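Working through the structure, step by step
The primary structure of each chain is shown beneath.
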Amino acid sequence: MNFKTVALLHPGNMGVTIGAAAAAGGGRVVWASHQRSRATRERAGQAGLVDVENLASALRASDVVLAVCPPHAALELARSVAEHNFSGIYVDANAVSRSTARQIGETVTKAGASFVDGGIIGPPVKRAETTRLYLSGARAPEVAGLFFASMLEARAIGEKPGAASALKMAYAAWTKCSDALILAIRALAALEGVDKALLEEWALSQPDLEHRSIQAAAAAAPKAWRYVGEMREIAASFEAAGLPSGFHKAATDIYERLAPFKNCTDPPPAVSAVVDTLCASSEKRRKTPI
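Our subject in this report is the structure included herewith. (Residues numbered from 1 in each chain as written. Predicted model: local features only at pLDDT ≥ 70, side-chain atom pairs only at ≥ 80, totals over all residues. Heavy atoms only, no water.)

This brings us to the packing of aromatic side chains. A ring pair, where both rings are aromatic, is described by two values, the distance of the centres and the angle of the planes. Under the counting rule described, the total for this entry stands at 1 aromatic pair. Seen in terms of ring centroids, Tyr227 and Tyr255 are 5.2 Å apart; in terms of plane orientation they differ by 75 degrees. Their pairing is edge-to-face. Of the two residues, Tyr227 sits in helix 10 (residues 224-240) while Tyr255 sits in helix 11 (residues 246-257), which places them 28 residues apart along the sequence. On the accessibility criterion, Tyr255 (0% relative accessible area) is buried. (Phe/Tyr/Trp six-rings, centres within 6.5 Å; stacked < 30°, edge-to-face > 60°. Helix = DSSP H or I, 4+ residues; strand = E, 2+ residues; numbered from the N terminus. Buried < 20%, exposed > 50% of the residue type's maximum accessible area, 1.4 Å probe, protein only.)

This part covers the nonpolar core. Counting 31 residues, the largest nonpolar core has Ile182, Leu183, Ile234, Tyr255, Leu258, Val274 and Leu278 as the members making the most contacts within it. Breaking this core down by element, the ones donating at least two residues are helix 7 (163-191), helix 8 (195-205), helix 9 (209-220), helix 10, helix 11 and helix 12 (271-287). At 8 residues, the largest contribution of residues to this core is made by helix 7. Not counting chain neighbours up to four residues away, the residues in contact with Leu183 comprise Ser213, Ala216, Ala217, Leu258, Val271, Val274 and Leu278. (Core = buried A, V, L, I, M, F, W, Y, C linked by side-chain atoms within 4.5 Å. Contact = heavy atoms within 4.5 Å.)

Now for unusual backbone geometry. A cis amide bond links Leu9 to the next residue, His10, at an omega of 10 degrees. Topologically, His10 is positioned in the loop between strand 1 (5-9) and helix 1 (15-24). With an omega dihedral of -5 degrees, the bond running from Asp266 to Pro267 counts as a cis peptide bond. Inspection of the secondary structure assignment puts Pro267 in the loop between helix 11 and helix 12. The backbone of Asn85 sits at a positive phi, close to 55 degrees, despite the residue not being glycine. We classify Asn85 as exposed; its relative accessible area is 53%. A positive phi angle, near 65 degrees, is found at Glu129, a position not held by glycine.

So, to be careful, I would describe these as geometric facts and stop short of saying anything about function.
Quick look at the structure:
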């Protein structure tokens with residue numbers, strides 16, 4: 001099927017590059033600027049997305065909706081679209097559990113839409129062979145075709161919605177939880193007064209770990225506010241599978257403590273600043289009566 005217009009909800013740092021990838025295939029990509037920030041407006045304008053001002057106008061004009069938002073907002077966004085009885089293809093490309101994806105699918109299909117489940121692995125799309133959009137659902141191959149001429153690699157992996165979200169959960173369960181773990185370890189060592197000794201031991205036996213902790217601070221701390229919801233979705237995925245969810249509940253706690261670094265990318269946070277913030281939160285909790 002040849003889709004003429006795609007609605008992108010919403011042009012965040014990741015979403016705007018997904019929208020631009022859809023536009024690279026020749027489609028018209030629209031978005032709704034109502035109640036969006038100046039930064040979002042600037043991103044959308046630079047990517048060549050067409051502003052139709054509000055959600056109703058975006059849905060009336062579009063064959064496909066691409067939903068790319070923080071996971072905690074994914075279900076509410078689907079409900080907002082369903083209220084307009086959108087009857088095209090709704091693609092949820094958010095970091096949610098299979099259970100949440102199922103709820104989203106039920107919400108939009110009851111209103112008349114076709115549902116395609118998606119999961120993004122990789123950074124915002126700025127060069128080829130770095131980012132993949134996994135898709136599952138009966139119409140997943142059609143959606144994958146939207147990106148044929150772009151730098152985004154879209155892969156349809158099954159006819160049943162939920163597979164793409166499950167893959168995303170399994171993948172992020174390591175990548176994002178391990179960032180939280182290594183930062184927590186640096187904080188523990190600092191609180192115990194053995195940080196210098198730990199780094200010396202790492203240099204001998206685990207020479208990549210100090211660098212990984214530096215990278216985690218720079219890359220994960222500014223996005224920690226987004227990762228909170230994702231860790232909860234991953235914990236729910238583990239629970240649904242009958243596996244321990246404590247890993248990712250703890251990661252949720254770590255990322256909640258890093259809220260002060262929200263969108264702090266210029267310059268990116270130093271590991272020392274992140275460790276100090278975690279230590280300060282720990283000291284505060286230890287002094288708070290239970």
